[in-house]
Amino acid sequence: MKKRYALLFSPTLVEQPIVSKLARSYDVDINILNADVASGRGGKLIVELSGTEQDLDASVIYLSEIGVIVSEMVKELLFNQDECIDCGACTAVCSSGALWMDAEARLQFDVSHCVVCGLCVHACPMCLFEVSHEREA
Amino acid sequence: MAKTVAQINEKINKGTVVVVSAEDFSAMAKEKDLKELSEEVDIVTTATFGPMCSSGAIINFGHWSPGIRMEEITLNGVNAYEGLAAVDTYIGATSESKFDARYGGANVIEELIDGKDVRLHARGKGTDCYPTKEIDTYINKDTINEFYLFNPRNAYQNYAAATNSTNRIKYTYMGSLLPRFSNITYSTSGELSPLLNDPYLRTIGLGTRIFLGGTEGYVVWNGTQFNTRRERTAEGIPTLPGATLAVIGDAKQMSREYIRSAYYEKYGVSMFVGIGIPIPVLDEKMAAHLAISNEKIITNILDYGQDGHPSVATCSYSQLASGSVTLSDGKKVKTAPLSSLAKAREIAEVLASWIREKRFFLSEPVHMFPTDSFVKPLVPREGGEK
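Named according to an unreviewed UniProt entry, chain B is Homocysteine biosynthesis enzyme sulfur-incorporation domain-containing protein originating from Sphaerochaeta halotolerans.

Per an unreviewed UniProt entry, chain A goes by the name 4Fe-4S dicluster domain-containing protein and belongs to Sphaerochaeta halotolerans.

Turning our eyes to something else, we now look at the overall build of chain A. Along chain A, the regular secondary structure elements total 3 helices and 9 strands. Element order for chain A, N to C, with α for helix and β for strand: β-α-β-β-α-β-β-β-β-α-β-β. Computed over its C-alpha atoms, the radius of gyration of chain A comes to 20 Å, more than 25% above the 14 Å expected for a compact globule of 137 residues. Principal axes of the C-alpha set define a box for chain A whose edges measure 60 × 30 × 20 Å. In chain A, buried positions account for 36% of the 137 residues. The long-range fraction of contacts in chain A, counting pairs at least 24 apart against all pairs at least 6 apart in sequence, stands at 64%. Carbon and sulfur atoms provide 49% of the accessible area of chain A, an area that totals close to 7400 Å².

Residue and element names in this part refer to chain B. Looking at the assigned domains, one finds that chain B contains domain 1 (5-53 + 150-356) and domain 2 (62-144). Put simply, the middle of domain 1 and the middle of domain 2, counted by C-alpha atoms, are 33 Å apart. Across the contact, 18 residues belong to domain 1 and 16 residues belong to domain 2. Taking both sides of the interface into account, the surface hidden between domain 1 and domain 2 amounts to around 1500 Å²; carbon and sulfur atoms contribute 58%. Summed over the three residues of domain 1 that lose the most area to domain 2, namely Lys252, Arg256 and Val269, the buried surface amounts to 39% of that side. At the surface where domain 1 touches domain 2, the tally comes to 3 salt bridges. Between domain 1 and domain 2 we count 8 residue pairs in polar contact (both at pLDDT 80 or more) in total. A breakdown of the residues in the side of domain 1 that touches domain 2 according to their chemical character gives 10 nonpolar, 4 polar and 4 charged.

The subject of this paragraph is the environment of B:Ser316. Residue and element names in this part refer to chain B. Counting through the fold element by element, Ser316 comes out in strand β20 (residues 311-316). When the C-alpha positions of Ser316 and Gly190 are compared, they lie 9.6 Å apart, and in sequence the two are 126 residues distant. If sequence neighbours within four positions are ignored, Ser316 has contacts with Asn294, Glu295, Ile297 and Ile298. Reaching out from Ser316, the side chain makes a polar contact with the side chain of Ser318 at a distance of 3.1 Å.

Once that is clear, we can look at the sheet that holds strand β8 (residues 134-139) of chain B. Whenever strands of a sheet pair, they do so through backbone hydrogen bonds, lying parallel or antiparallel. Residues and elements named next belong to chain B. Within the open sheet, the 4 strands sit side by side as β5-β4-β7-β8. Their pairing is antiparallel. Only two strands of the sheet have a single partner each, and these edge strands are β5 (78-79) and β8. Pairing geometry for strand β4 (residues 71-75) and β5, over 2 bridges, is antiparallel. For Leu75, the partnering residue across the bridge sits in β5 and is Val78. The sheet contacts of helix α4 (residues 105-113) involve β4, β5, β7 (118-123) and β8, and relative to β7 the element is tilted by about 125 degrees.

The next point concerns the packing of helix α1 (residues 18-26) of chain A against helix α2 (residues 53-65) of chain A. Residue and element names in this part refer to chain A. Contact geometry of α1 with α2 gives a least axis separation of 11 Å together with a crossing angle of 140 degrees. Taken as axis vectors, α1 and α2 run oblique relative to one another. Taken as a pair, α1 and α2 cross one another with a handedness that is right-handed. Residue-level inspection shows Ile18, Lys21, Leu22 and Tyr26 of α1 in contact with α2, the latter providing Asp55, Ala58, Ser59, Tyr62 and Leu63. Classifying every residue of the contact of α1 with α2 gives 6 nonpolar, 1 polar and 2 charged.

Attention now moves to the domain arrangement of chain A. We note that the domain assignment places domain 1 (2-72) and domain 2 (76-132) within chain A. Between domain 1 of chain A and domain 2 of chain A, the C-alpha centre-to-centre distance is 35 Å.

Inspection of every chain in the model, using the stated rule, returns 27 salt bridges over all chains. Between B:Glu295 and B:Lys30 there is a salt bridge whose closest N-O contact spans 3.5 Å. Highlighted residues: B:Glu295 in the loop between α6 (284-290) and β19 (298-303) and B:Lys30 in helix α2 (residues 22-31), separated in sequence by 265 residues. Linking B:Glu216 and B:Arg209 is a salt bridge whose minimum nitrogen-to-oxygen distance equals 3.6 Å. Overall, the relative accessible area of 33% leaves B:Glu216 in the partly exposed class. The network of salt bridges with shared partners includes A:Glu83, B:Glu110, B:Arg256 and B:Arg260.

The rules behind these values
- Residues numbered from 1 in each chain as written.
- Chains lettered and ligands numbered in written order.
- Predicted model: local features only at pLDDT ≥ 70, side-chain atom pairs only at ≥ 80, totals over all residues.
- Heavy atoms only, no water.
- Helix = DSSP H or I, 4+ residues; strand = E, 2+ residues; numbered from the N terminus.
- Rg over C-alpha atoms; globule rule 2.2 N^0.38 Å.
- Buried < 20%, exposed > 50% of the residue type's maximum accessible area, 1.4 Å probe, protein only.
- Contact = heavy atoms within 4.5 Å.
- Areas by Shrake-Rupley, 256 points an atom, 1.4 Å probe, with all protein chains shown as cover.
- Domains from an automatic or database assignment.
- Buried area = accessible area lost by both parts, 1.4 Å probe.
- Salt bridge = Lys/Arg side-chain N within 4 Å of Asp/Glu carboxyl O.
- Polar contact = N/O pair within 3.5 Å; in protein donor to acceptor, adjacent residues only side chain to side chain.
- Nonpolar A, V, L, I, M, F, W, Y, C, P; charged D, E, K, R; others polar.
- Pairing = 2+ DSSP bridges.
- Axes fitted to C-alpha atoms, helices over the stretch in contact; angles between N-to-C directions.
- Parallel < 35°, antiparallel > 145°, perpendicular 65-115°, else oblique.
- Left-handed = near helix turned anticlockwise from the far one by under 90°.

What follows is the structure in structure tokens.
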């Protein structure tokens, strides 16, 4: 599995080779998506870790124990359902089963099926969907 | 025995009128004899709540002092028509802001209906009787004089469904059409839709009182692109877009529950309009029209991937409403509505309650619409007659 994290470092931690330690000891692949790190003033890394669930959990525990502040990055679909007029235009493009019209012709939304493809964002004539900017959970 | 509109209005007055929605009437017609039903039910309410691009509003701003003969009129940055005397305008729903393509006339109309302030900017040449050359101010529905919707083409009779044969997604006024026939969209309330219940417009004409945007409105002309020459089914329903209506109503009394601005990706701004039309059950023949159900309403599925939008299949509304349609090559294609059936049902119910509460009486048309009318294309021509 793959998960994205924001890692916050204190100035002293910046001096440590944390990323290579992670790769060697925890068997995870690390993709650095963004880095803002400088010697003497701490920093922030956005990384995508891939490995087994156990390896990812162990990596997070390791990072937290040495003092890195770890937050998982999540991307999600936000839906302003109060303004929905139940037209159904979004169901035309939703293949995940997250959006459908029920027997009463009302729109139903089940976020657990959503794969955050974003097609509904452009399909909704009321502009009620938004893919959240990646945020720290 | 046949009934007249006057007799039905008398029943409203007495509180004995029987009103049902077109969906309920269709269900009743499956159980009961039409003759019996035509005697039992007096009025059938029909409704629709869908995007209707050919809509707009007339506004009279009131006179500025000293006067201005307004030109280059904008409302929240959206162009409004300048060719109506000094301080009258028409703002079309699809007129778009110069600053934000997602904001247009429909948004201005919705905001005014909702009581919000809207910025008005206009210029004038400066004449002896209208010396002011520029104004920049705010208006709302309480500061302006008349503010009424006048929609040249609403309530399409059987709008065709849409699909897309090409290899890329098409963003259209029929929604996002996925590549290679991967979805079909349709915009109708089907058996609840006004002009599918009176396919020859026997009871609907100039002066017909209707529900429009949350208040009482009127049919004032046939809509533009009024087409009576379409092929019809045995029940008289055209299989391609047929009749349309021009409607009018006081926007100050409307509500954004039933008038909503819309934006279709890479198409532009449109407006959802809520319309409800009461149809008197005059006789058995009218009852037969009103008994129409989704299985009997046939429409064409047009390919928006090709010029001229050729038809790729026909299907019934019950098929469209089922969630998928199987095309001739065996491909099962997902269907999705674009007009809100839930809202249309609400409108049919609200209209029925107004009638039962003696707040709404039927009107008889004073002029009927053309029985032979078709839609001409715009053909390129050279020159012009001298």
